[in-house]
Structure formats: structure tokens, C-alpha cells
Amino acid sequence: MNTITIMTGDITQLAVEAIVNAANASLMGGGGVDGAIHRAGGPTILEECRNIRQTVYPAGLPSGEAVVTGAGKLPARLVIHTAGPIYHSDPDPAGNLARCYRRCLQLAHAHGVKSVAFPGISTGVYGFPKEAAARIAIETIRTFFAEQPEADLSVTLVAFSAADEKILQGCL
Ligand code: AR6
């Protein structure tokens, strides 16, 4: 069965098969959830990202795209790195945010993943308004579920504060 669950917590600690990283075009790490994932997962994740940059995306990961690496020391098996839109400068922030969720779900499904956790992509440093982002996330996940009823995917939306969890709950 395809399901959506909302919780508050640190995504790096979740025992799901895949976690999504709100990364950036460089794939070379940063602050926020990206920094937390690389810190907790150890150096192999960055090594794989470097390899992806050299072989697949020499100019950087475009906004709305995603790539998969192992998860190093994390409880998860895979990390799906996506570059969310920078809200105030992206030409199509809503469209690209939806593309991020969709690509991550497609990659999870393609890798046989049955449980995947998302942070609020673009809702930190990248400035996407949280309620609008939550609506796009949930709508995109539901569309994917309708298209792939056999995916059997358990999606967890991870808030990093009680206030953010409330916003997500209100959009479900
Ligand atoms: N677990 C779950 N959620 C978290 C965690 C965590 N450990 N840490 C932060 N969040 P952000 P962005 C939430 O800024 O807006 C980085 O420097 C946070 O509260 O991490 O997509 C990258 O390298 C917020 O709701 O990502 C990029 O350069 C959400 O995760 C840039 O920031 C996303 O916040 C990406 O910006």
C-alpha cells in the first residue's frame, strides 16, 4: 500500500530505506539538512557525489533533478540528493519543487525502495514558503501514488519542529 506519514525528527536518524537530501547544484555539501546528512553519514557519501559530478553532471545538478548515492554510516541504505529551487531566483519555483519530489519518488521506486523520508525541500535556506511547499509535496506524492498504485511506497514527511509538523498536518 502507498502511504504518507508526517513526523517531527532528525531525518539522519530514521530507519527507512532511503532519505532525501535537500542538497544544492554542487552536490558538495552545505548547511542545514545537507550538512547533517554528510556529517552523520561520513565521507563515502561525498566521494560518491564527487564522482557523479565528474561523470554525469559536470556543470552541477539542475534544480528539480535528483541522484542516488549510498548512505555511508546512516541507518538508511540510500540517499537521494535533490537540488530544490531557490525561491526568490528560480524561474519556476513551484514547478521545480514538484519535479524534485517526483524525481525522488521515481528514483526510490526504480531502486526497489519501499520506505522513503523527505525533509521540507527548499523550505530552509532556499526560502520557499512552508505551507505552499507542503501542499506541493503532498499533491505531487498523491499524483505519483495514483500513477503507480503498485509502488507499495511508505513516504514519511519529516518536519524539524512542531510548528512545521502542524503546517504539514494541515495540508494532508
Ligand atoms: N532533519 C530533518 N529536517 C531538517 C534537518 C534534519 N536533520 N535539518 C534541517 N531540516 P535546508 P534548503 C529542515 O536549509 O532550504 C544547504 O546549505 C529545515 O528546518 O537544509 O533546501 C544545502 O547545501 C528545513 O525545513 O535546505 C543547500 O545549499 C528543511 O530541512 C541549501 O541549504 C530544508 O532546509 C538548501 O536549502
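What counts, and at which threshold
- Residues numbered from 1 in each chain as written.
- Predicted model: local features only at pLDDT ≥ 70, side-chain atom pairs only at ≥ 80, totals over all residues.
- Heavy atoms only, no water.
- Helix = DSSP H or I, 4+ residues; strand = E, 2+ residues; numbered from the N terminus.
- Rg over C-alpha atoms; globule rule 2.2 N^0.38 Å.
- Buried < 20%, exposed > 50% of the residue type's maximum accessible area, 1.4 Å probe, protein only.
- Contact = heavy atoms within 4.5 Å.
- Areas by Shrake-Rupley, 256 points an atom, 1.4 Å probe, with all protein chains shown as cover.
- Lys, Arg positive; Asp, Glu negative; His and termini not counted.
- Charge placed at Lys NZ, Arg CZ, Asp CG, Glu CD.
- Near = heavy atom within 4 Å.
- Polar contact = N/O pair within 3.5 Å; in protein donor to acceptor, adjacent residues only side chain to side chain.
- 1 Å grid on protein atoms, 1.4 Å probe; cavity = no way out; pocket = protein on both sides within 12 Å on 5 of 7 lines; lining within 4 Å.
- Sits in = over half its atoms within 2 Å of the grid points.
- Axes fitted to C-alpha atoms, helices over the stretch in contact; angles between N-to-C directions.
- Pairing = 2+ DSSP bridges.
- Core = buried A, V, L, I, M, F, W, Y, C linked by side-chain atoms within 4.5 Å.
- Points joined across faces, edges and corners; volume = space filled by probe spheres on them.
- Nonpolar A, V, L, I, M, F, W, Y, C, P; charged D, E, K, R; others polar.

A.B. asks: For the overall build of the protein chain, give the residues involved together with the corresponding values.
C.D. replies: For the protein chain, the helix and strand inventory stands at five helices and six strands. Written out in order from the N terminus, the α and β elements of the protein chain read β-β-α-α-β-β-α-β-α-β-α. In terms of overall dimensions, the protein chain is globule-like: its C-alpha atoms have a radius of gyration of 15 Å, near the 16 Å expected for 172 residues. Seen through its C-alpha atoms, the protein chain measures out along the principal axes to roughly 40 × 35 × 30 Å. By residue count, 48% of the 172 residues in the protein chain fall in the buried class. Restricting to contacts in the protein chain with at least 6 residues of sequence separation, those with at least 24 account for 70%. Here the protein chain has roughly 7700 Å² of accessible surface; of this, 56% comes from carbon and sulfur atoms. The averaged location of the 15 negative side-chain charges in the protein chain is 2 Å from the averaged location of its 13 positive side-chain charges.

A.B. asks: Can you lay out the site of the ligand for me, pointing to particular residues and giving the numbers?
C.D. replies: Around the ligand sit 20 residues in total, of which G31, V33, D34, T123 and G124 are the nearest. In the environment of the ligand, an oxygen atom lies 2.8 Å from a nitrogen or oxygen atom belonging to the side chain of T123. At a separation of 2.9 Å, an oxygen atom of the ligand approaches a polar backbone atom of V125. Relative to its unbound accessible surface of 710 Å², the ligand loses 89% to contact with the protein. Applying the majority rule of atoms within 2 Å of the grid points places the ligand in the largest pocket. Taken together, the elements giving at least two residues each to the shell around the ligand come down to β2 (18-23) and α1 (32-41).

A.B. asks: Tell me what's going on with the packing of α1 against helix α2 (residues 43-55), and back it up with residues and numbers.
C.D. replies: Direction vectors running N to C along α1 and α2 enclose 115°, while the axes themselves pass 6 Å from each other. Residues I37, H38 and G41 of α1 pack against P43, T44, I45, L46 and C49 of α2.

A.B. asks: Now, about the pairing of strand β4 (residues 78-83): what can you tell me, with residues and values included?
C.D. replies: On any regular strand, side chains alternate: one points to one face of the sheet, the next to the other face. In terms of residue burial, β4 counts as a mostly covered element, since six of its six residues are buried. With burial as the criterion, each face of β4 is covered, one bearing L78, I80 and T82 and the other bearing V79, H81 and A83. Here six bridges tie β2 to β4, and the two strands are oriented parallel to one another. Residue pairing in the sheet places I19 in a bridge with V79 of β4. Pairing of strand β3 (residues 66-70) with β4 involves five bridges; the strand directions are antiparallel. Looking across to β4, one finds that A66 is bridged to T82.

A.B. asks: Explain the nonpolar core to me, and be specific about the residues and the numbers.
C.D. replies: Counting 34 residues, the largest nonpolar core has I80, V116, F118, L153, V155 and L157 as its most contacted members. Taken together, the elements giving at least two residues each to this core come down to β1 (3-8), β2, β4, α3 (93-110), β5 (115-118), α4 (130-147), β6 (154-159) and α5 (162-171). Here this core gets eight residues from one element, more than from any other, and that element is α4. Here F118 is in contact with I11, V20, Y101, C104, L105, V155, T156, L157 and V158, once residues within four sequence places are set aside.

A.B. asks: Describe the layout of surface pockets, and please don't skip the residues or the numbers.
C.D. replies: Computed from the structure, the largest pocket encloses a volume of approximately 710 Å³. V33, P119, G120, T123 and G124 are, among the 33 residues lining the largest pocket, the residues nearest its centre. Elements with a minimum of two residues in the lining of the largest pocket: β2, α1, α4, β6 and α5. Considering only residue class, the lining of the largest pocket consists of 20 nonpolar, nine polar and four charged.

A.B. asks: So what's going on with the sheet that holds β5? Which residues, and what values?
C.D. replies: Spatial ordering of the open sheet is given by β1-β6-β5-β2-β4-β3, a layout of six strands whose pairing is mixed. The open sheet is flanked by β1 and β3, the only strands paired with a single partner. Taken pair by pair, the neighbouring strands of this sheet meet at an average axis angle of 25°, ignoring direction. Across six bridges, β1 lies against β6 in parallel orientation. When the bridges of β6 are listed, T3 appears paired with S154. Sheet strands touched by α2: β3 and β4. Its angle to β3, the strand with the most contacts, is close to 140°. Across the face of the sheet, α5 comes into contact with β1 and β6 while running at roughly 155° to β1.

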